[in-house]
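Inside the fold
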Amino acid sequence: MSKLAEVAVCAALLLSALPNTPTARAEGPGPAIIQGPPPGWEIVKITDDPEQDRRVAMNNVGQIVFSKRAIPNPGGTREEIYLYDNGKLRKLTDDILADQSPDINDAGVIVWIKKEPGTNEHEVMRYIDGMIEQLTDDLLDQFGPSIGNDGTIIWPTRFEFGWAELFRYVEGKTTQITSNGLSNQCVTINASGDYAWVRYEFNLSPWVSTIMCSINGEVHETSDGTTQAQGCGINDAGTTVWHDDAGVLMRANGMISVLPNSFNGRGPRINNAGDVLYGLSLGDFGSGMLFKDGQTYQLINSPEQAAAGFDLSDSGEAALGMGVFPEIDIALLWRIRDPGDFTGDGIVDRFDFESMQNCMSNVECGVQMPPVCLNVFDLDLDGDIDFRDFALFQRLVTPAIN
Ligand SMILES: [Ca+2]
Ligand SMILES: [Ca+2]
Ligand SMILES: [Ca+2]
Ligand SMILES: [Ca+2]
């Protein structure tokens, strides 16, 4: 426990009163659920293998991180962090420790946890400028880190069962930011450094939880603490989303509303366009549900593509875990591309050629080519990308105006 003393402990944050106490819980019947992605969007595959891809996260420049767990996996140690970036897939870790639970910011800085050898506890790791660093070194269990666009990292540290406090890392310095003796976890940071989390009271039976958020340094109770509120997300406007027995809830401008069709919804994420992505159990399997422009889209309708975790970017793209447990792959919801236009800007140019080169670099770097590469660049439809496809690609290149 002596290592704990190295961590600067600040005074408990003041729990300020809410500016507007929410009372209304508006729930309209809403329009019917629409099957499949929104018009003009499709789901493509980033991975397709027998292993288990877990805890996917994406940023606003299209980069996706996840961990890949071997099946079978004796001792649970064969799990590594992968980064997908514009057609290129790379394995960032390669050791006999479990690397898991990654998050990524818009600068491409990645945080995750690594299991300590011979123990059940973890340390926080960071990938920055091509280097891997260890940010914690103690006998306590760190888990579920989140990174903001300014590089701030927040994670929960478990002191004992039912007791976890949040810690914040800024430029080499770690500070404890909650001190309430409860279980604080599931933290999400927005671009302004505001963050939301879930404060569980596991000492009560049945347990209850409260959605908490820190906006401009002031801590608020976002939900009323009488329900089993979980799975929170926050966008840059401070709008928070979570779920409880009523469905998926959103708090914006002091008003709490329940999303239509969201009963039994789980683990929502929200982007800066106000789109909300959440999971919904449909009996046999779960689907990702996208609430966008007032409509609810059921992204998939097949047990073979059952949803297993997801994240959402500001452009409306989403990274999704999909498959039949334990064989989960990573998929991407994006705008339907024309042949050769990997970047999706409506023209075929040198930036798409760069994506094509990324796609072709995977196998020599020891990873599978993301299937999405074939969707766009296998122009002769024979299952590969080779010189014949390149010849066809050249004919597609949009002529320069000047
Ligand atoms: Ca590993
Ligand atoms: Ca530790
Ligand atoms: Ca393009
Ligand atoms: Ca081909």
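Residues numbered from 1 in each chain as written. Chains lettered and ligands numbered in written order. Predicted model: local features only at pLDDT ≥ 70, side-chain atom pairs only at ≥ 80, totals over all residues.

**Some thoughts on the overall build of the protein**
When you go through the protein residue by residue, the secondary structure sums to three helices and 32 strands. Taken against the 2.2 N^0.38 rule, which gives 21 Å for 402 residues, the C-alpha radius of gyration of the protein at 22 Å falls within 12% of a compact globule. Based on the C-alpha atoms only, the size of the protein along its principal axes is roughly 65 × 50 × 50 Å. Within the protein, the proportion of its 402 residues that are buried is 41%. (Helix = DSSP H or I, 4+ residues; strand = E, 2+ residues; numbered from the N terminus. Rg over C-alpha atoms; globule rule 2.2 N^0.38 Å. Buried ≥ 20, exposed ≤ 12 C-beta atoms within 10 Å, placed from the backbone.)

**A look at the pairing of strand β11 (residues 122–128)**
Sheet topology note: the strand β10 (residues 110–115)/β11 ladder contains six bridges and is antiparallel. The residue bridging I110 from the neighbouring strand is Y127, located in β11. In this antiparallel pair of consecutive strands, β10 and β11, the connection spans six residues, and G118 shows a positive phi of 70 degrees. (Pairing = 2+ DSSP bridges.)

**Focus: the domain arrangement of the protein**
For the protein, the domain assignment lists domain 1 (2–334) and domain 2 (350–396). Once you take the C-alpha centre of each, domain 1 and domain 2 turn out to be 32 Å apart. Across the contact, 14 residues belong to domain 1 and 13 residues belong to domain 2. If you list the elements that add at least two residues to the side of domain 1 that touches domain 2, you get β4 (41–45) and β8 (88–91). The element contributing the most residues to the side of domain 1 that touches domain 2 is β8, with four residues. Tallied by class, residues from the side of domain 1 that touches domain 2 come to five nonpolar, three polar and six charged. (Domains from an automatic or database assignment. Contact = placed C-beta atoms within 7 Å. Nonpolar A, V, L, I, M, F, W, Y, C, P; charged D, E, K, R; others polar.)

**Notes on the environment of L290**
Looking at the element boundaries, L290 is found in strand β28 (residues 286–292). The spacing of L290 and D311 is 21 residues in sequence and 11 Å in space, taken between C-alpha atoms.

**Details of the sheet that holds strand β6 (residues 64–69)**
Within the open sheet, the four strands sit side by side as β5-β6-β7-β8. Their pairing is antiparallel. Each edge of the sheet is formed by a strand with only one pairing partner; in this case those strands are β5 (52–58) and β8. Direction aside, the axes of adjacent strands within the sheet are offset by 25 degrees on average. Pairing analysis gives five bridges linking β5 to β6, with the strands arranged antiparallel. Directly across from D53, in β6, lies its bridge partner K68. (Axes fitted to C-alpha atoms, helices over the stretch in contact; angles between N-to-C directions.)

**Here we look at the sheet that holds strand β29 (residues 295–298)**
Strand order across the open sheet formed by five strands is β3-β29-β28-β27-β26, with mixed pairing between neighbours. A strand with exactly one partner marks an edge of an open sheet, and here the two such strands are β3 (34–35) and β26 (265–270). Relative to β28, strand β27 (residues 276–281) runs antiparallel, the two being bridged by six bridges. Paired with S281 across the two strands is G286, which belongs to β28.

**Quick look at the nonpolar core**
Membership of the largest hydrophobic core comes to 86 residues, with the highest contact counts inside it found for I64, W197, C232, V276 and A319. It is strand β32 (residues 327–335) that provides the largest number of residues to this core, a total of six residues. Built from parts of two domains, this core gets at least three residues from each of domain 1 (2–334) and domain 2 (350–396). Setting aside residues no more than four positions away along its own chain, I64 makes contact with I46, V56, M58, Y84, A319 and I330. (Core = buried A, V, L, I, M, F, W, Y, C linked by C-beta atoms within 7 Å.)

**Some thoughts on unusual backbone geometry**
In this chain, I71 is followed by P72 through a cis amide linkage whose omega measures -5 degrees. Following the sequence through the fold, P72 ends up in the loop between β6 and β7 (79–85). Along the chain, F325 connects to P326 via a cis peptide bond; the corresponding omega equals 5 degrees. At N264, a position not held by glycine, the phi torsion is positive, near 75 degrees. Tracing the sequence through the fold places N264 in the loop between β25 (255–258) and β26. For N264, a count of 15 C-beta atoms within 10 Å gives the class partly exposed.

**Describing the environment of Q394**
Relative to the elements of secondary structure, Q394 occurs in helix α3 (residues 387–396). Note: C-alpha distance between Q394 and V348 (46 residues apart in sequence) is 8.9 Å.

**Re the environment of W197**
Mapped onto the secondary structure, W197 falls in strand β19 (residues 195–201). When the 27 C-beta atoms within 10 Å are taken as the criterion, W197 is described as buried. Linking W197 and Q230, residues 33 residues apart in sequence, is a C-alpha distance of 8.6 Å.

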